[in-house]
Amino acid sequence: MSSEASQRTDRLKVMVSGALGRMGSTTCKAVAADAELVLTGAVDPAFGAHGAGVQTDLGVGYRVPSYASIEAALTNAEADVVVDFSTPDAVKQNTRLCIQHRVAVVVGTTGLSPGDLAELDRLSGEAGVPVLVAPNFAMGAVLMMQFAEMAAKHLKACEIVELHHDAKLDAPSGTARLTRLRIEDSWREDGLEKEVPIHSVRLPGLVAHQEVIFGGMGETLTIRHDSLNRESFMPGVVLAVKRVRDLQGLVVGLENIL
Ligand code: NAP
């Protein structure tokens, strides 16, 4: 830890995985800007060239030890919470390693399958290490999913259109998949077994957007959410960092800590 950061001993120690990515770099700034948090490590494969633990200027106001892997970071630096915004290929193993090192995890990376979640649920429960997986940290997106669940009680036909920037690696988005699950669960409670189709759009210029369109007799209802920039996710990320250690086992969805 840099000398300035190491003086902040009363603060919750946070590491960010995927720190050089779009979401990770925004998260590093949000953590460093919060009076209750201190950034104790940044993880990204590109840091490998510098060697483990090099104090790095990430533009957050103080220098931060950087590591090429979660394993190296957790072996060499202290953390109370790890936030993962890496890739669909890396997130499961990163989360496993955090659980092994007994550090609570906030997972923002999307692309975890139901099987992956079941395995992480088991590991987190066995180790007693809380894990919060939130496919969307924007408050408006959480409300969109809740409104969709309400609408599903009354309208029994629905399709989802999710639209994201063209560098997004997974499709359909984690938000669309969670929204679909909530709607299908609600329908199932009413005795209806039916799938919600998802349409994925990938275009430059977009950030993260979703429309949930219900159709009824002579009417449609559209619930739309737009994240216009990555700062839109930060209040939810910071809240998750502060609350994750109060959870038990694996919890999916930001609404569980609101
Ligand atoms: P990105 O810009 O591609 O950033 C991902 C970063 O992770 C890259 O720097 C990548 O390095 C790095 N990385 C690769 N393997 C890693 C590993 N094993 N350990 C640590 N870091 C590793 O992607 P992004 O746009 O920030 O999105 C990241 C994830 O967040 C995606 O899954 C996206 O869908 C999700 N997301 C979630 C929310 C939410 O609210 N939950 C919102 C937006 C996005 P390389 O480039 O060298 O591979």
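Residues numbered from 1 in each chain as written. Predicted model: local features only at pLDDT ≥ 70, side-chain atom pairs only at ≥ 80, totals over all residues. Heavy atoms only, no water.

Q: Explain the site of the ligand residue by residue, including any values.
A: Taken together, 23 residues are adjacent to the ligand, and M23, D44, T110, F137 and K168 come closest. The separation between a nitrogen atom of the ligand and a polar main-chain atom of P135 is 3.1 Å. A total of 930 Å² of accessible area belongs to the ligand in isolation, and the protein chains cover 76% of it. Its residues assigned to classes, the shell around the ligand comprises 9 nonpolar, 10 polar and 4 charged. (Near = heavy atom within 4 Å. Polar contact = N/O pair within 3.5 Å; in protein donor to acceptor, adjacent residues only side chain to side chain. Areas by Shrake-Rupley, 256 points an atom, 1.4 Å probe, with all protein chains shown as cover. Nonpolar A, V, L, I, M, F, W, Y, C, P; charged D, E, K, R; others polar.)

Q: Can you tell me about the sheet that holds strand β12 (residues 250-252), naming the residues and giving the values?
A: Here we have 8 strands laid out as an open sheet, ordered β3-β4-β2-β1-β5-β6-β7-β12, and mixed in their pairing. Two strands lie at the open edges of the sheet, namely β3 (54-56) and β12, each paired on one side alone. On average, each strand axis in the sheet is tilted by 25° relative to the strand beside it, whichever way the strands run. Across the sheet, helix α4 (residues 91-100) touches β1 (12-17), β5 (81-84), β6 (104-107) and β7 (131-133), and the angle it forms with β6 is around 160°. (Pairing = 2+ DSSP bridges. Helix = DSSP H or I, 4+ residues; strand = E, 2+ residues; numbered from the N terminus. Axes fitted to C-alpha atoms, helices over the stretch in contact; angles between N-to-C directions. Contact = heavy atoms within 4.5 Å.)

Q: Residues and numbers for a nonpolar patch on the surface, please.
A: A cluster of nonpolar residues, L143, F147 and M150, forms a patch on the protein surface that exposes about 310 Å² of accessible area. With respect to the element layout, F147 can be found in helix α6 (residues 139-152). (Patch = residues over 30% accessible without salt bridge, like charges linked within 9 Å, V, L, I, M, F, W, Y side chains within 5 Å. Salt bridge = Lys/Arg side-chain N within 4 Å of Asp/Glu carboxyl O.)

Q: Could you give me a rundown of the packing of aromatic side chains, with the residues and numbers involved?
A: In the structure shown here, the tally under the stated rule is 1 aromatic pair. Between F85 and F137 the ring centres are 5.9 Å apart and the planes differ by 70°, which places this aromatic pair in the edge-to-face class. Placement of the pair is F85 in the loop between β5 and α4 and F137 in the loop between β7 and α6, with a sequence separation of 52 residues. Each member of the pair, F85 as well as F137, carries the same accessibility label: buried. Here the basic side chain of K194 rests over the ring of W187, its NZ or CZ set 5.5 Å away from the ring centre. (Phe/Tyr/Trp six-rings, centres within 6.5 Å; stacked < 30°, edge-to-face > 60°. Buried < 20%, exposed > 50% of the residue type's maximum accessible area, 1.4 Å probe, protein only. Lys NZ or Arg CZ within 6 Å of the ring centre and 35° of its normal.)

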